Amino acid sequence: MFAKRLTDKHLFIIEIIITLVFCFAPLLYNNPYRLNIFLSWEGAYRLYLGQVPFRDFSLPMGYGYWVIPAIFFKIFGPFMYSLIKAQVFINLVSVLCLRSILKMLNVRPVVILMTVLVFCFSYVSKNFWPWYNHLVIVLELLGFYFLFRAILRSVGWRTILNLALSAFFVLFAIFTKQDGGAIGLAIWLALLVYDAWLTRSLQKIAVYSGSFIVMTLIAVLPLLQY
């Protein structure tokens, strides 16, 4: 009955309103301090200063976690409030990406609306500070989005571009949190193997693997000397 009363356009407008409210609400009040949030600030501040990971400071993981907060430090200054602005952006991307994936999979609009609502209540509302456990999931959602576009929607050079972008976000995820990113990589490769079995073609696997290897070399080789 609910779906019959509202058009797809109405449902989309409701989704946008829900997304904007949940994503931008943390800018309007003082947020509870998260334990160890100083890690987000310090890593982003070091990148903001131009310090090079592994040369100027040590860390047990990749530096992807701090890239977006460092960009927001460059734009808004190195303040704790800038971290919240960075998380607003990350949350917005996560909701829009999730919605786009569901849309690509031809999920009914009313189901997409309810999924967005549950996602905002259960996930977005709890993540108002940037944190690697959250960011790695968002990066994997982006990887899924471009992978699904490569498999389901695009042809020709657009397929190659989408595969390369998917590989980029998987590498970004690994540089944010190794175990989560590695699980994402395994899922991507499994999907590509299944697609290769259906299409009787290894082209997508070759493009994806080649893109991932090249990007990994670009990211890692300059740091080996440190």
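**So, the pattern of salt bridges**
Taken as a whole, this structure holds 5 salt bridges when the rule is applied. In this structure, Arg99 engages Glu15 in a salt bridge whose closest nitrogen and oxygen atoms are separated by 2.3 Å. Of this pair, Arg99 sits in helix α5 (residues 80-104) while Glu15 sits in helix α2 (residues 8-24); the two residues are 84 residues apart in sequence, bridging distant segments of the chain.

**Things to note about the nonpolar core**
Counting residues in hydrophobic clusters, the biggest one holds 34 residues, and the most contacted among them are Ile101, Leu139, Leu163 and Tyr208. At the level of elements, α4 (67-76), α5, α7 (132-153), α8 (157-174), α9 (178-199) and α10 (203-220) are the ones that each hand at least two residues to this core. Apart from residues lying up to four places away in sequence, Ile101 is in contact with Leu141, Phe144, Tyr145 and Phe148. One finds Phe57, Leu59, Met61 and Leu83 within the second-largest nonpolar core, a separate group that totals 15 residues.

**Details of a nonpolar patch on the surface**
A cluster of nonpolar side chains, Phe12, Ile13, Ile17 and Val21, forms an exposed patch at the surface whose accessible area comes to about 350 Å². Mapping Val21 onto the fold places it in helix α2.

**A look at helix α3 (residues 38-49)**
Under the 1.5 Å per step criterion, the end-to-end length of α3 is 16 Å for 12 residues, consistent within 8% with the ideal 16 Å. For α3, the set of buried residues is Ser40, Gly43, Ala44 and Leu47. Down the axis of α3, the sector holding all buried residues measures 95°, keeping them to one side. Buried residues belonging to α3 abut α4 and α5. In the segment just after α3, Gly50 is the residue with positive phi, at about 95°.

Definitions and cut-offs
Residues numbered from 1 in each chain as written. Predicted model: local features only at pLDDT ≥ 70, side-chain atom pairs only at ≥ 80, totals over all residues. Heavy atoms only, no water. Salt bridge = Lys/Arg side-chain N within 4 Å of Asp/Glu carboxyl O. Helix = DSSP H or I, 4+ residues; strand = E, 2+ residues; numbered from the N terminus. Core = buried A, V, L, I, M, F, W, Y, C linked by side-chain atoms within 4.5 Å. Buried < 20%, exposed > 50% of the residue type's maximum accessible area, 1.4 Å probe, protein only. Contact = heavy atoms within 4.5 Å. Patch = residues over 30% accessible without salt bridge, like charges linked within 9 Å, V, L, I, M, F, W, Y side chains within 5 Å. Areas by Shrake-Rupley, 256 points an atom, 1.4 Å probe, with all protein chains shown as cover. Expected span 1.5 Å × (residues − 1). Arc of directions from axis to C-beta.

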